[in-house]
Amino acid sequence: MMKYLLLVFLIMLSDTASAQRFEDYFEDRTLRLDYTFSGNSLHQELYVDELTVMPRWYGKRVRLSEVPLKGNGQILVYDKRYGQLIYRHSFSTLFQEWLATDESKRVQKSFENVFLMPFPKQPVNITIELRDYHNQVNATMTHSVDPADILIRKAGERQVTPYITLQQAADTSRCIHVAFVAEGYQQQEMDTFIEDCKIAMASLFGHEPFKSKQDCFNMVAVMSLSEESGTSWPAKGIWKNTVLGSHFDTFYSDRYLTTLHLKKLHDVLAGTPYEHIIILVNTDHYGGGGIYNSYNLTYAHGPKFRPVVVHEFGHSFGGLADEYPYGNDAPMYFADTEPWEPNLTTQHDFSGKWENLVEQGKAGLVEGGGYLTKGVWRGFDNCRMRTNEEPEFCIVCREALSRLIDFYTR
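These remarks concern the structure in this document. Predicted model only: the values in this text are computed from it and were never measured.

Reading guide: rules and limits
Residues numbered from 1 in each chain as written. Predicted model: local features only at pLDDT ≥ 70, side-chain atom pairs only at ≥ 80, totals over all residues. Heavy atoms only, no water. Disulfide = S-S within 2.5 Å. Buried < 20%, exposed > 50% of the residue type's maximum accessible area, 1.4 Å probe, protein only. Pairing = 2+ DSSP bridges. Helix = DSSP H or I, 4+ residues; strand = E, 2+ residues; numbered from the N terminus. Axes fitted to C-alpha atoms, helices over the stretch in contact; angles between N-to-C directions. Contact = heavy atoms within 4.5 Å. Salt bridge = Lys/Arg side-chain N within 4 Å of Asp/Glu carboxyl O.

### Comments concerning the state of the cysteines
What the rule picks out here adds up to 0 disulfides. Looking at the unpaired Cys-394, the closest cysteine sulfur is the one in Cys-383, lying at 3.7 Å. Note on Cys-394: relative accessible area 4%, which makes it buried.

### Some points on the sheet that holds strand β10 (residues 176-183)
An order of β9-β11-β10-β12-β14-β13 is seen for the 6 strands of this open sheet, with the pairing classed as mixed. Pairing within the sheet leaves two strands with one partner each, and these edge strands are β9 (163-167) and β13 (288-291). Strand after strand, the sheet turns through a mean of 20° between neighbouring axes, direction not considered. Pairing analysis gives 4 bridges linking strand β12 (residues 276-281) to strand β14 (residues 295-299), with the strands arranged parallel. Across the sheet, the residue bridging to Val-281 is Tyr-299, located in β14. Across the sheet, helix α4 (residues 190-204) lies against β9, β10, β11 (217-222) and β12, angled at about 140° from β10, the strand it touches most. Here helix α6 (residues 305-316) sits on the sheet and contacts β10, β11, β12, β13 and β14; the angle it forms with β14, its principal contact strand, is near 170°.

### With respect to the pattern of salt bridges
For the structure shown, the criterion picks out 22 salt bridges. Between Arg-81 and Asp-79 there is a salt bridge; the shortest N-O distance is 3.0 Å. The buried category is assigned to Asp-79, whose relative accessible area is 3%. Of the charged contacts in the structure, one is a salt bridge between Glu-195 and Lys-198, with a shortest N-O distance of 3.8 Å. Of this pair, Glu-195 and Lys-198 both sit in helix α4, 3 residues apart, which is roughly one turn of the helix.

### Some words on unusual backbone geometry
With omega at 5°, the peptide bond leading from Glu-208 into Pro-209 counts as cis. With respect to the helices and strands, the residue Pro-209 is situated in the loop between α4 and β11. With a phi close to 55°, Phe-251 is a non-glycine residue in the positive phi region. Among the secondary structure elements, Phe-251 is positioned in the loop between β11 and α5 (262-269). Judged by relative accessible area, which is 24%, Phe-251 ranks as partly exposed. At Tyr-371, a residue that is not glycine, the phi angle is positive and equals roughly 75°. Within the element layout of this structure, Tyr-371 appears in the loop between β15 (366-369) and β16 (372-378). For Tyr-371, a relative accessible area of 24% gives the class partly exposed.

### A look at the sheet that holds strand β4 (residues 85-91)
Across the sheet, which stays open at both edges, the 4 strands sit in the order β4-β3-β6-β7 with antiparallel pairing between neighbours. Edge strands, defined here as strands with exactly one partner in the open sheet, are β4 and β7 (137-145). Each neighbouring strand pair of the sheet contributes to a mean axis angle of 15°, computed without reference to strand direction. Across 8 bridges, the pairing between strand β6 (residues 124-131) and β7 is antiparallel. Its bridge partner being in β7, Ile-126 is matched across the sheet by His-143.

Below, the structure written as structure tokens:
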């Protein structure tokens, strides 16, 4: 009898999970999770830094315990009473990229990381885990959050960074919220920033599937001011006082343009409608960078601005991998592990990727990708994720992006 009752309870719990309603577990507010990730190539540690509550929630409200892509890490939120998984989020980080560098073999470093989730109505347990390039968990940590905790900081209720709406989605309750953020623009350059945003937005919506699904996106321009124009360029000895402290030469790669100041980035965004972030940098020196479900930065004043902003959004929003070779040192892809990115395969487990396109003769298996010349395959000879000169995403990337947009909006 007891076994029967337990079975009935488990079935009811499963049915409850499949019919999960946002309002049963969450408020229409955002819980910002600040973490410090630290360590070196051999050992990593995860620490809670700070918790913040912000008005409104701009992420998904359905399929709460699902993720469309695995990423290099995940956040899993469990109802503390029954242990039920009620929310899940996947991501990648600069910290994990750094672990593949030679520097991580010599020194220990720490990196800021910020993630967003809907604000829980009841206490929850949150597990955060990082995975290595063999898809093995190499660091994990669980902590509890009581929504009544008086030390949860409030932000975004006043002194909100000025912003304007560039495009309103057809249904703002079920759309993809994107914020353009100004980096290295002074007050007198804000008109230039708005024009740069419009150029970037037009470039994105000039590509499929964004073009045909434009109504699924809500876009704003956040006018964050910098004390100085431009960005830092360490190789030239140039250091600028900008709102996000961005710089070239990330990991000593001259064109890798990033910011390590994620807490400041989200402070700037507090109170604005955002989930995905595009940072436009006021420089004409070529560079950029994009991290899945974190942010991307793009130089805004050069001949490659338009293709670069689209390419980097392919990383930060779409989870697409680079398809070009860059050097076979410090590989991130291995024969015993299938990439989580939808546009690459090691053929370790090709099922569920673009095998249907191969069968239809619309795509193939072209060797080279993920910075490697051998052992990794892409679906098409050329693509926006391979070269700036290619005008479109290949069919493999288009279909992957389309599935992702549908995941968040249908």
